[in-house]
Amino acid sequence: MTNSLSSTLASRITEQLSQIVLVDPHSHINPLSATAANLADLLGYHYYTELAHSSGLPKEQIEEPGISPKEKVARLMTTMRPINNTVQWSWMVDLCQNLFGWDEPTIDQKNWERLYDLVDSKCSSEGWEDVVLKKSRVESIFLTNDFDDPLEGFDLKRYVPCLRTDDLVFHFAKPEVRKRLEACSKSMITNLTSLKAAITNRFDHFQSKGVKACAISLPPSFAPVKISDSSASEALEDILKNGVSASTASRESLSRWIFWTLADHCNEYKLPFDLMIGVNRQVYPTGVYQGQDLYDSRVSLIQYAPLLNAFPKVTFPISVLASVTNQELVDYAWIFPNVVTNGHWWYSNTPSIIAHDLRARLEAIPRTKQIGYYSDAYKIEFIMPKFNMYRSILGRVLADEFVANRGWTEDACVELGTEVLRGNVERIFG
Amino acid sequence: MTNSLSSTLASRITEQLSQIVLVDPHSHINPLSATAANLADLLGYHYYTELAHSSGLPKEQIEEPGISPKEKVARLMTTMRPINNTVQWSWMVDLCQNLFGWDEPTIDQKNWERLYDLVDSKCSSEGWEDVVLKKSRVESIFLTNDFDDPLEGFDLKRYVPCLRTDDLVFHFAKPEVRKRLEACSKSMITNLTSLKAAITNRFDHFQSKGVKACAISLPPSFAPVKISDSSASEALEDILKNGVSASTASRESLSRWIFWTLADHCNEYKLPFDLMIGVNRQVYPTGVYQGQDLYDSRVSLIQYAPLLNAFPKVTFPISVLASVTNQELVDYAWIFPNVVTNGHWWYSNTPSIIAHDLRARLEAIPRTKQIGYYSDAYKIEFIMPKFNMYRSILGRVLADEFVANRGWTEDACVELGTEVLRGNVERIFG
Amino acid sequence: MTNSLSSTLASRITEQLSQIVLVDPHSHINPLSATAANLADLLGYHYYTELAHSSGLPKEQIEEPGISPKEKVARLMTTMRPINNTVQWSWMVDLCQNLFGWDEPTIDQKNWERLYDLVDSKCSSEGWEDVVLKKSRVESIFLTNDFDDPLEGFDLKRYVPCLRTDDLVFHFAKPEVRKRLEACSKSMITNLTSLKAAITNRFDHFQSKGVKACAISLPPSFAPVKISDSSASEALEDILKNGVSASTASRESLSRWIFWTLADHCNEYKLPFDLMIGVNRQVYPTGVYQGQDLYDSRVSLIQYAPLLNAFPKVTFPISVLASVTNQELVDYAWIFPNVVTNGHWWYSNTPSIIAHDLRARLEAIPRTKQIGYYSDAYKIEFIMPKFNMYRSILGRVLADEFVANRGWTEDACVELGTEVLRGNVERIFG
């Protein structure tokens, strides 16, 4: 076929996939404040503050306490031209045009004030949240909830609780984390038994609110193994006594024990356990808020073999931070029944990397074991442009690889795309 | 050129490359039973059993002892729909259509019984083996033979012996391996001298049968170095006494000594030594047969520098399991006269990965140092669809990179493709 | 758009980018002998000698002392056919056609003697250097100067000094290196203070000659950290006494101390510090001259986090040897204000790898933080064909990703390409 046919076909597939009503299986939305309040809330997304900072704007100017939202936007807009090539910026232009009705091809230092006012008026309009979700064709959104989140005051059908467990696994030695766990579970943690009971209490609480997944982000060095109760007991004793001054060995032992205990609970509560593998926190500690984390791409899923073998009934939707790990992810999902690929995470959420990783997944993993995409958004306005990016790549890959190279029909492509975008989310998370 | 011209050109190049009579330089064909006996033999290929299992079919159902071939197919067909997006499945459809004359676009739960009968009748027809090879345009096929294979009862021109050495290098501590070596070499292994003599005996045996290569698959951690005879002697003594309970140090020392001794023999017998680098065995030990192995992509060819430097006269056709190692492979083949790239192995044998790896090879390594492809097949029916996949990718890469981007003629592309597909196999293996 | 439009568009963008007058920000040009003297000087480039050797030509024949340039070419031409698929060879054909006016489509054993004479006559013609630079549209070229280079006898505007520091960091334990440093700085090095003073002397010398960058190539294992003066003092004492027989610990400590001291000087002298990360020297020690180095792709930029955090005012243009490190490079440049991507280095300077790495950069890093390309050339004749290769890939990526997929205008693409090709070089190096 000619490329014009191929690109028309890709557009047509993308268009059909855009009709699907979505469940967004991972976000950081605060359901009590799901939409942006103003343009500063949108431009304040770490993707823009970190790129502005990377382009030369001092952190002190970006994060100066007490500046007005408009002043914040004014400062950020001074360094948006250097980032207007980035796909991150294209999300902003897309959402301004397609959600807010912005009528110019760009956003720049000359026109942003008019945009500021436009966003202000829309955000404060009646039912803006419903408008955004409707325009974005989003039915429900998975959250990322702290273990002590009361999960109250919002529609649990629209905003689906997920239990985020980084604090428990990696920061339990901090006294404030233990106190938070004691407070919400209404118990004292003095030994392994009471620690496990507190964790069970949290699973009960989340289950009562319709939790759909347990989730955690993991550094490249993490390698889960089962720790004996006696070793874990000693480690806990050290930590209860010494907090973050406990020995590294104790902290690592207890991390692993808690992680394994969470997997045990996922097994018992029949919850998928989302693993987000590969991030090093605070590699650039003087960077802007949420713009400090990077990674070491030397990580292997073989580190997770003991876990995958020990919990055959737990589904592990796995995200990897670096594209170099994608082939392992494909191949572990190809072999292990309980491994599922999950979206395109953070530094791998840019078009050339998505296209590369997506091709490798679609051609080798059972179609039922691929969760296409999640937004990872902090404000619901970002769901649409991110999914737009993904859908257009998915449309092109389906047109190129499946129709042009393998002779599939357009309908068969749309069916596969639908399964990856929506069907698998429902089946896997229930 | 327009894409329609480009894709017509790619098809034309592919078509010309499809006329070449092949030598398949690596397979697991059993020459005494080269063709499938029925559809269960085809669907029983680990690519289908492991994907069926990954999609949810219990191993116990797949591998239940005593079930009939037809029952096995019936069970597997219940989970073929979830894998019908995979390229692995496309091989099955291709071979059914193009070897067996299957006349439907798909194979599914509604029509498989008719296919079962069709395959049955073809497989039991007179001269099916010749038919398959002729339709596949395959002249000869390299085997993977155990060191104690008698290499008798088959046509040594059509089925070319290759000495597989994994057992010797990695399992010599198992008493049964030693006993097999003693039995076939008619000798007692009591020290390094007799061990080396037994190995020489095997090379003599294989040479008398027209062996064309020595081959081995290697875990990511393996790093060959020369072990002194005195260290190896001590290690052998430990192993002869203690078998698999010998110390790790002894087992690693003897592994390396045997590996180095094999390379010495390759040098003396002028045999290429195929290295297949990167597999971890039994990462998923409860997976289906041959569906348990995965890998750790953190491997480097620098681990092989001592070997490559020590044996400048031995050609090492190298396959890597993970695509991330392909650039190193390209660059080691670019510099080392004795390194040759060899096919697209296993988890890297899917279209997007082949295309990526192939481009990098064709643009940077001498054309004489690239063995394009091997089937790795267990039944000769799979040679054709796998080579079809490869040839169509090769055709597209030649059309896009060499004609469109570099101005080559179609004839020059076909000449390059021919060299990579066939010419180099002959020159390198003799 | 149809592919014919797309490829016309790509050509048009490439053509416009070809009009830009270049500053080549990294080369190995000897300004006292910038052009080739004859065809042997061109074919003697390590890209051809190493590929000839890799294809079977013995090093002894290539490097036989005393052979005439014509004899050297005659020998090399016997193995150019096996490498005529490589992009490296395409540079040679391009420069012969477009700089020397070679009128045949290929260079082969039948026609090379006529080319030899043609090159001879051009190279010895009046003003050849000016002709080459004018045809190549090159205004100035950065050099790679030893620390004791007098930097005299050439036009400092055209050939811009850069201080190469590998010898200081990695070979200071060799007495001859110390003596060279003592000689050029006219000082005795007896302790840290005098060592630092000698380094300062070199920065003063280079600054007086208009130095634009400090540069170093680094092995995969290198991980910079600040070494205390007391540890460094002890290490220096060991090295002054024992030279290369000093302990590994001493040599590593002093390496790191010198490296950190160089970064301190870059900070003080406001010089970018080019880091070229990932090469292992002499992996193939019996290879041809400059054809012995390879690498271990298992390297991470996290090894450089302490450096990047310690010197926020120093710009680090970073090159990585293996494409697997490109995503980390993209993401470190995305977050760290002082990290800039720098060209496509050596084994990553082939079309499929450039395209892959370039796409990931253009879509995620601020446009102001990408130095598109440098030639790395030893003779100025190679600048044009290498930049031609890069520009045509850049044109295609801009046409495909920015126009076709993101709706940019052609002008906006040319503006982005211009910034990456030229604008950033000026702004970053001053």
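Every value quoted in this text rests on a predicted model; they were computed, and no experiment measured them. (Residues numbered from 1 in each chain as written. Chains lettered and ligands numbered in written order. Predicted model: local features only at pLDDT ≥ 70, side-chain atom pairs only at ≥ 80, totals over all residues. Heavy atoms only, no water.)

Quick look at the relation of the copies chain B and chain C now. Overlay of chain B on chain C (RMSD 0.0 Å): rotation 120°, translation along the axis 0.0 Å. In symmetry terms, the pair is related by a three-fold rotation axis. A different interface surface on each copy is seen, since only 8% of the contact residues of chain B are contact residues in chain C too. (Least-squares fit on C-alpha atoms with pLDDT ≥ 70 in both. Contact = heavy atoms within 4.5 Å.)

All chains considered together, the criterion is met by 78 aromatic pairs over all chains. Ring geometry for F336 of chain A against Y284 of chain B: centres 4.5 Å apart, planes inclined by 45°, an arrangement best described as tilted. One end of the pair, F336 of chain A, is in the loop between α15 (326-335) and β10 (339-342); the other, Y284 of chain B, is in the loop between β7 (279-280) and β8 (294-295), on a second chain. Grouping residues by exposure puts F336 of chain A and Y284 of chain B together as buried. Pairing F203 of chain B with Y269 of chain B gives two aromatic rings, centres 5.3 Å apart and planes at 40°, and the pair type is tilted. Highlighted residues: F203 of chain B in helix α11 (residues 192-208) and Y269 of chain B in helix α13 (residues 248-269), separated in sequence by 66 residues. Residues F203 of chain B and Y269 of chain B agree in their burial class; the two are buried. Ring pairs connect the aromatic residues Y45, Y47, Y48, W89, W91, Y295, W345, W346, Y347, Y378 and F382 of chain A together with W334 of chain C, which therefore count as one cluster. (Phe/Tyr/Trp six-rings, centres within 6.5 Å; stacked < 30°, edge-to-face > 60°. Helix = DSSP H or I, 4+ residues; strand = E, 2+ residues; numbered from the N terminus. Buried < 20%, exposed > 50% of the residue type's maximum accessible area, 1.4 Å probe, protein only.)

All names here are of chain A. Neither face of β10 is exposed, since V339 and T341 on one face and V340 and N342 on the opposite face are all buried. With respect to chirality, the unit in which strand β9 (residues 316-320) leads through α15 into the neighbouring parallel β10 is right-handed. Note: β10 against strand β11 (residues 370-371), 2 bridges, orientation parallel. Note on β11: the bridge partner recorded for T341 is Q370. Taken together, β10, helix α16 (residues 351-362) and β11 constitute a β-α-β crossover, and its handedness is right-handed. (Right-handed = clockwise from strand over helix to strand, strands pointing away. Pairing = 2+ DSSP bridges.)

So, on to the relation of the copies chain B and chain A. Taken as rigid bodies, chain B and chain A are interconverted by a rotation of 120° and an axial shift of 0.0 Å, the fit giving an RMSD of 0.0 Å. Interface overlap between copies: only 8% of the residues of chain B at the interface are likewise at the interface in chain A, consistent with a contact formed by different surfaces.

Turning next to the nonpolar core. By size, the foremost hydrophobic cluster in this structure holds 454 residues, and its most contacted members are F273 and L275 of chain A, F273 and L275 of chain B together with F273 and L275 of chain C. In contact with F273 of chain C, other than residues within four places in its own chain, are T165, C214, A215, I216, F259, L262, A263, C266, V314, T315, F316 and P317 of chain C. (Core = buried A, V, L, I, M, F, W, Y, C linked by side-chain atoms within 4.5 Å.)

As a further point, take empty space enclosed by the protein. This model, assessed by the stated rule, comprises 7 cavities of 30 Å³ or more. Roughly 170 Å³ of volume is contained in the largest cavity. In this structure, the largest cavity is lined by 15 residues; those nearest its centre are V324 of chain A, S297, R298 and V324 of chain B together with V324 of chain C. Residues belonging to the lining of the largest cavity are distributed by class as follows: 6 nonpolar, 5 polar and 4 charged. (1 Å grid on protein atoms, 1.4 Å probe; cavity = no way out; pocket = protein on both sides within 12 Å on 5 of 7 lines; lining within 4 Å. Points joined across faces, edges and corners; volume = space filled by probe spheres on them. Nonpolar A, V, L, I, M, F, W, Y, C, P; charged D, E, K, R; others polar.)

On to the interface of chain B and chain A, then. Contacts between chain B and chain A engage 40 residues on the former and 38 residues on the latter. Carbon and sulfur atoms supply 53% of the area buried between chain B and chain A, which totals about 3,100 Å² over both sides. Summed over the shared surface of chain B and chain A, the number is 2 salt bridges. Between E419 of chain A and R81 of chain B there is a salt bridge whose closest N-O contact spans 3.0 Å. Contributions of two or more residues to the side of chain B that touches chain A are made by α1 (3-17), α3 (46-54), α6 (87-98), β8 and α16 (351-362) of chain B. (Buried area = accessible area lost by both parts, 1.4 Å probe. Salt bridge = Lys/Arg side-chain N within 4 Å of Asp/Glu carboxyl O.)

A separate point is the packing of helix α12 (residues 229-242) of chain B against α13 of chain B. All names here are of chain B. Relative orientation of the contacting elements α12 and α13 amounts to 125°, with a least axis distance of 8 Å. Classified by the interaxial angle, the pair formed by α12 and α13 is oblique. Here α12 runs over α13; the crossing is left-handed. Touching D229, A232, A235, L236, D238 and I239 of α12 are S250, R251, S253, L254 and W257, all from α13. Taken together, the residues of the contact of α12 with α13 sort by class into 6 nonpolar, 2 polar and 3 charged. (Axes fitted to C-alpha atoms, helices over the stretch in contact; angles between N-to-C directions. Parallel < 35°, antiparallel > 145°, perpendicular 65-115°, else oblique. Left-handed = near helix turned anticlockwise from the far one by under 90°.)

A few words on the environment of F311 of chain B. Residues and elements named next belong to chain B. Among the structural elements, F311 can be located in the loop between α14 (305-310) and β9 (316-320). Once the C-alpha coordinates of F311 and N338 are considered, the two residues, 27 residues apart in sequence, prove to be 8.2 Å apart. When neighbours within four sequence positions are excluded, F311 is seen to be in contact with W260, A263, D264, N267, F316 and N338.

A separate point is the domain arrangement of chain A. All names here are of chain A. Domain annotation for chain A reports domain 1 (3-37 + 144-429) and domain 2 (38-123). Put simply, the middle of domain 1 and the middle of domain 2, counted by C-alpha atoms, are 28 Å apart. On the domain 2 side, the residues contacting the 26 residues of domain 1 number 23 residues. Roughly 2,100 Å² is buried in total at the junction of domain 1 and domain 2, and carbon and sulfur atoms are behind 65% of that figure. (Domains from an automatic or database assignment.)

On the side of chain C, 40 residues touch chain B, which itself brings 38 residues to the contact. Around 3,200 Å² of area is buried between chain B and chain C when both sides are counted, 53% of it from carbon and sulfur atoms. On the chain B side of the contact with chain C, W334, I335 and E363 of chain B bury the most area, a combined 23% of that side's loss. On the surface where chain B and chain C come into contact, there are 2 salt bridges. Our count for the contact surface shared by chain B and chain C stands at 28 residue pairs in polar contact (both at pLDDT 80 or more). Secondary structure elements with two or more residues in the side of chain B that touches chain C: α14, α15 (326-335), α16 and α18 (410-429) of chain B. Top contributing element to the side of chain B that touches chain C by residue count: α15 of chain B, with 7 residues. In the side of chain B that touches chain C, the residues fall into 19 nonpolar, 9 polar and 10 charged. (Polar contact = N/O pair within 3.5 Å; in protein donor to acceptor, adjacent residues only side chain to side chain.)

This part is about the side chain of E50 of chain C. Looking at where E50 of chain C falls in the secondary structure, it is placed in helix α3 (residues 46-54). As a buried residue without a salt bridge, E50 of chain C has its nearest oppositely charged side chain in K386 of chain C, at a separation of 9.6 Å. Dropping the residues within four chain positions of it, E50 of chain C is found in contact with W334 and I335 of chain B together with V288, Q290 and G291 of chain C. (Lys, Arg positive; Asp, Glu negative; His and termini not counted.)

Our next topic: the sheet that holds β9 of chain B. Spatial ordering of the open sheet is given by β4-β5-β6-β9-β10-β11 (chain B), a layout of 6 strands whose pairing is parallel. Whereas interior strands pair on both sides, the edge strands pair on one side only; in this sheet they are β4 (162-164) and β11 (370-371) of chain B.

The final tally for this structure, using the stated rule, is 66 salt bridges over all chains. A salt bridge links R359 of chain B to E401 of chain B; its shortest N-O distance comes to 3.0 Å. Note that R359 of chain B is positioned in helix α16 and E401 of chain B in helix α17 (residues 383-404), a separation of 42 residues in sequence. Judged by relative accessible area, E401 of chain B falls into the buried class, the value being 17%. D130 of chain C serves as the salt-bridge partner of R158 of chain C, at 2.9 Å between the closest nitrogen and oxygen. Here the residue R158 of chain C occupies a position in the loop between β2 (138-142) and β3 (159-160), and D130 of chain C occupies one in helix α8 (residues 128-135), the gap between them amounting to 28 residues. A relative accessible area of 22% means that R158 of chain C is categorised as partly exposed.

Residues and elements named next belong to chain C. Strand order across the open sheet formed by 6 strands is β4-β5-β6-β9-β10-β11, with parallel pairing between neighbours. Single-partner strands in this sheet number two, and they are β4 (162-164) and β11 (370-371). Where strand β5 (residues 213-218) and strand β6 (residues 273-277) come together, 5 bridges link them in parallel fashion. The residue bridging C214 from the neighbouring strand is F273, located in β6.

Residues and elements named next belong to chain C. Along the polypeptide, V330 turns up in helix α15 (residues 326-335). The exposure class assigned to V330 is buried, which follows from its relative accessible area of 3%. In this structure the C-alpha to C-alpha distance between V330 and D357, which are 27 residues apart in sequence, comes to 8.7 Å. If we skip the residues at most four places from it in the chain, V330 touches A360, R361, A364 and I365.

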